[in-house]
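# A structural walkthrough
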Amino acid sequence: MQKLDPYINVDPGTMSPYQHGEVYVLDDGSETDLDLGHYERFTHSPLTRQSNYTTGQIYLKVIEKERRGEFLGQTVQVIPHITNEIKRCIAKLADDEVDVVITEIGGTVGDIESQPFLEAIRQFALDVGKENCLYIHLTLIPYLKAAAELKTKPTQHSVGLLRQIGIQPDVLICRTERALPASDREKIALFCNVPVRAVIEERDKDFSIYEVPLSLVENGLDELIVKKLGLNAKSLELDDWRELLHRLRNPDTEISIAVVGKYAEHKDAYKSIYEAIDHAGIEHHAQIRVGRILSEDIQREGPERLLSGYDGILVPGGFGERGVEGKVDAIRWARQRKIPFLGICLGMQCAVIEFARNVVGLAGANSTEFEKDTPYPVVCLLDEQQNITEKGGTMRLGAQVADLAPDSRAAECYGSAQVQERHRHRYEFNNQYRKQFEAHGMTFSGTSKQGSLVEVVELPEHPWFVAVQYHPEFKSKPTQPHPLFSGFVQAAVRRNSRDSMVESGS
Ligand code: GLN
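This write-up is about the structure you can find in this document. Values in this document were obtained by computation on a predicted structure and should not be read as measured data. (Residues numbered from 1 in each chain as written. Predicted model: local features only at pLDDT ≥ 70, side-chain atom pairs only at ≥ 80, totals over all residues. Heavy atoms only, no water.)

Before going further, it helps to spend a moment on the sheet that holds strand S10 (residues 199–203). Here 3 strands make up an open sheet; going across it, the order is S6-S9-S10 and the pairing parallel. The sheet is open, and its two edges are formed by strand S6 (136–141) and S10, each paired on a single side. Adjacent strand axes in the sheet meet at a mean angle of 25°, parallel and antiparallel pairs treated alike. Two elements, strand S9 (residues 171–176) and S10, share 5 bridges in a ladder whose sense is parallel. When the bridges of S10 are listed, Arg175 appears paired with Glu202. Helix H9 (residues 221–228) contacts S6, S9 and S10 of the sheet and is inclined by roughly 160° relative to S9. (Pairing = 2+ DSSP bridges. Helix = DSSP H or I, 4+ residues; strand = E, 2+ residues; numbered from the N terminus. Axes fitted to C-alpha atoms, helices over the stretch in contact; angles between N-to-C directions. Contact = heavy atoms within 4.5 Å.)

Near the ligand the following residues occur: Gly317, Gly318, Phe319, Cys345, Leu346, Gln349, Glu369, Arg424, His425, Arg426, Tyr427 and His471. Measuring from an oxygen atom of the ligand, one finds a side-chain N or O atom of Gln349 at 3.1 Å. Between the ligand and the protein, one listed contact pairs a nitrogen atom with a side-chain N or O atom of Glu369 at 2.8 Å. (Near = heavy atom within 4 Å. Polar contact = N/O pair within 3.5 Å; in protein donor to acceptor, adjacent residues only side chain to side chain.)

The first and last C-alpha atoms of helix H14 (residues 324–336) sit 18 Å apart over 13 residues, in line with the 18 Å expected at 1.5 Å per residue. All buried positions along H14 are accounted for by Val324, Gly326, Lys327, Val328, Ala330, Ile331, Trp333, Ala334 and Arg335. Following H14 by one or two positions, Lys338 adopts a phi angle in the positive range, close to 60°. (Expected span 1.5 Å × (residues − 1). Buried < 20%, exposed > 50% of the residue type's maximum accessible area, 1.4 Å probe, protein only.)

Let us look at the packing of aromatic side chains. The tally for this structure, following the rule as stated, stands at 13 aromatic pairs. Taken together, a centroid distance of 5.6 Å and an interplanar angle of 85° make the contact between Tyr18 and Tyr263 edge-to-face. Residue Tyr18 is found in helix H1 (residues 17–20), and its partner Tyr263 is found in the loop between strand S11 (253–261) and helix H11 (271–283); the two are separated by 245 residues along the sequence. Owing to a relative accessible area of 9%, Tyr263 belongs among the buried residues under this scheme. Aromatic pair Phe42 and Tyr210: ring centres 5.2 Å apart, planes at 40°, arrangement tilted. Within this pair, whereas Phe42 is found in helix H2 (residues 35–42), its partner Tyr210 is found in the loop between S10 and helix H8 (212–218), the two being separated by 168 residues in sequence. Taken together through their ring pairs, the aromatic side chains of Tyr18, Tyr263, Tyr270 and Tyr274 make up a single cluster. Here the guanidinium or amino end of Arg178 rests over the ring plane of Tyr143, the centre of that ring lying 3.9 Å away. (Phe/Tyr/Trp six-rings, centres within 6.5 Å; stacked < 30°, edge-to-face > 60°. Lys NZ or Arg CZ within 6 Å of the ring centre and 35° of its normal.)

The next point concerns the packing of helix H6 (residues 153–164) against helix H7 (residues 182–192). Where H6 contacts H7, the two axes come as close as 9 Å, and the packing angle between them is 25°. Relative to H7, the element H6 lies roughly parallel. The hand of the H6/H7 crossing is right-handed. Residue-level inspection shows Thr155, Gln156, Val159 and Arg163 of H6 in contact with H7, the latter providing Lys187, Ile188, Phe191 and Cys192. For the contact of H6 with H7, a count of residues per class yields 4 nonpolar, 2 polar and 2 charged. (Parallel < 35°, antiparallel > 145°, perpendicular 65-115°, else oblique. Left-handed = near helix turned anticlockwise from the far one by under 90°. Nonpolar A, V, L, I, M, F, W, Y, C, P; charged D, E, K, R; others polar.)

Let's shift gears to helix H10 (residues 239–249). Of all the residues in H10, the buried ones are Trp241, Leu244 and Leu245. Buried positions in H10, seen along its axis, are confined to an arc of 95° and lie on one side of it. Each element contacted by the buried residues of H10 is listed here: H2, H8 and H11. (Arc of directions from axis to C-beta.)

The strand order S15-S16-S19 describes an open sheet built from 3 strands, whose pairing is mixed. Across the chains shown, the open sheet's two edge strands, defined by having one partner strand only, are strand S15 (366–367) and strand S19 (427–429). As judged from the 3 bridges shared by strand S16 (residues 377–381) and S19, these two strands associate in the antiparallel manner. Bridge pairing in S19 places Cys380 opposite Glu428. Docked against the sheet, helix H15 (residues 346–360) engages S15, S16 and S19, running at close to 150° with respect to S16.

As a further point, take the nonpolar core. Judged by nonpolar contacts, the single largest core of 42 residues is most densely connected at Leu307, Ile313, Phe341, Val378 and Phe437. When residues of this core are assigned to their parent elements, the largest contribution, 9 residues, is made by H15. Ranked by size, the runner-up nonpolar core spans 35 residues in total, among them Tyr263, Ile277, Ile288 and Leu404. (Core = buried A, V, L, I, M, F, W, Y, C linked by side-chain atoms within 4.5 Å.)

On to the pattern of salt bridges, then. This model, assessed by the stated rule, comprises 29 salt bridges. The shortest N-O distance in the salt bridge between Lys65 and Glu85 comes to 2.6 Å. Of this pair, Lys65 sits in helix H3 (residues 55–67) while Glu85 sits in helix H4 (residues 78–91), placing them 20 residues apart in sequence. On the accessibility criterion, Glu85 (2% relative accessible area) is buried. Look at the salt bridges and you will find they share partners, linking Lys3, Asp5, Asp33 and Asp35 into a network. (Salt bridge = Lys/Arg side-chain N within 4 Å of Asp/Glu carboxyl O.)

A few words on a nonpolar patch on the surface. On the surface, Tyr59, Ile63, Val78 and Ile79 cluster together into a nonpolar patch covering about 340 Å² of accessible area. Contributing elements (two or more residues each) for the nonpolar patch: H3 and H4. Position of Val78 relative to the elements: it lies in helix H4. (Patch = residues over 30% accessible without salt bridge, like charges linked within 9 Å, V, L, I, M, F, W, Y side chains within 5 Å. Areas by Shrake-Rupley, 256 points an atom, 1.4 Å probe, with all protein chains shown as cover.)

Turning next to the environment of Ile90. In this fold, Ile90 is placed in helix H4. Since its relative accessible area comes to 5%, Ile90 is described here as buried. Sequence separation between Ile90 and Val101 is 11 residues, and the spatial gap between their C-alpha atoms is 7.7 Å. The residues contacting Ile90, other than those within four sequence positions of it, are Gln2, Leu4, Val101, Thr103, Ile121 and Phe124.

Next comes the structure, spelled out in structure tokens:
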């Protein structure tokens, strides 16, 4: 699977979560579009650096070639040089192991910046033979409330534009709020020059995104694809998806988890975190109400009003000073009230800061990311980062091995003494403080392979307090919840049932 993004950033690593949602990190350390998270959650496709290209990357490659003189005096142009580079990026994925390459082009038909990508895939069908290529156009069918009707016009126009540039979609997937009546499907088919059965309804699922594959199959998409590409496919095995939805629909209990982040009001900024919480909920038969809480609000109002009643508190990653003190306050609340707590990346760094200030007694302790001259730099820049000034792709990135202490909560969750998790950070726990912290009850239960970098911290005296420098959320799947999320949610379920027993007097 592959995503081509028409924006000019070389990768989304330099973009604000407000602009582009979460930056999704792969094993090989590439910083990619959050759609790659969906690809990993929904499929078993192996993803690498070659799974996400942007206009910026394509141009960078072509310009570097030009500087090396590889175009032998030619005038370098969008067609054919940029389009050739795009086609090369698509073809690169097609090694002997691969039956089908699925390439998604981001943006909207008609955008100026997506034109070279559309031209490239038009040419691609000529290169590989039309019978080996299938075009699926994803289109929005808006519902006008005032008129109480669905509008097919935008679809007619976008398909019209595609046909002008020489692409006839084979299948239209119609995103819609309401059921698409047969008459609308027929109209779309007629105006867009596709058979009616290739007009596939994809209605919003109010229950779960994990209903989507089953509904696409019900609407016949799988058969259309197999037939057009002449694939020798076995019948689809979807029992695990059906089981998953059954569990989602029939929870035994309901719990609530607060996610305290600086981008909490933005739904996509912590996408993988919210998904990973859901996955663990499915495993433990729990419906989870997630409270997205802005850390600055906690800073302003204190944790009492905003965090009371939650069964678990999660503090995710982030960059920059804004809202950090609110995260620290939330962690103090979780520690003192013995509420299950999971800290991730900046969340771990804040847990360390909180512990330093309020338990070890290092008043004013901080990360040098937020306060250069703090008296107690308990979190500081990684050595390897000292001389790095460029921002793009320069953090400690991707899968790294961590060793876990045998009796730790982390090792118990994973059921293993060694794990590989994905990273994206520049700062780390300052090892000078290790002994002092240990003397006050924090354990360093996970360290990087050479034992130097702290990867996991825990409070063994607390019912469930684990914080990690890496991002476990990127490896959670609906059918394979991440062990740490699973352990965290289980602890929250336990706390919830204990609380309700107390309330009912039993
Ligand atoms: N800002 C912190 C660092 O760079 C944490 C990063 C993160 O949460 N991804 O180390």
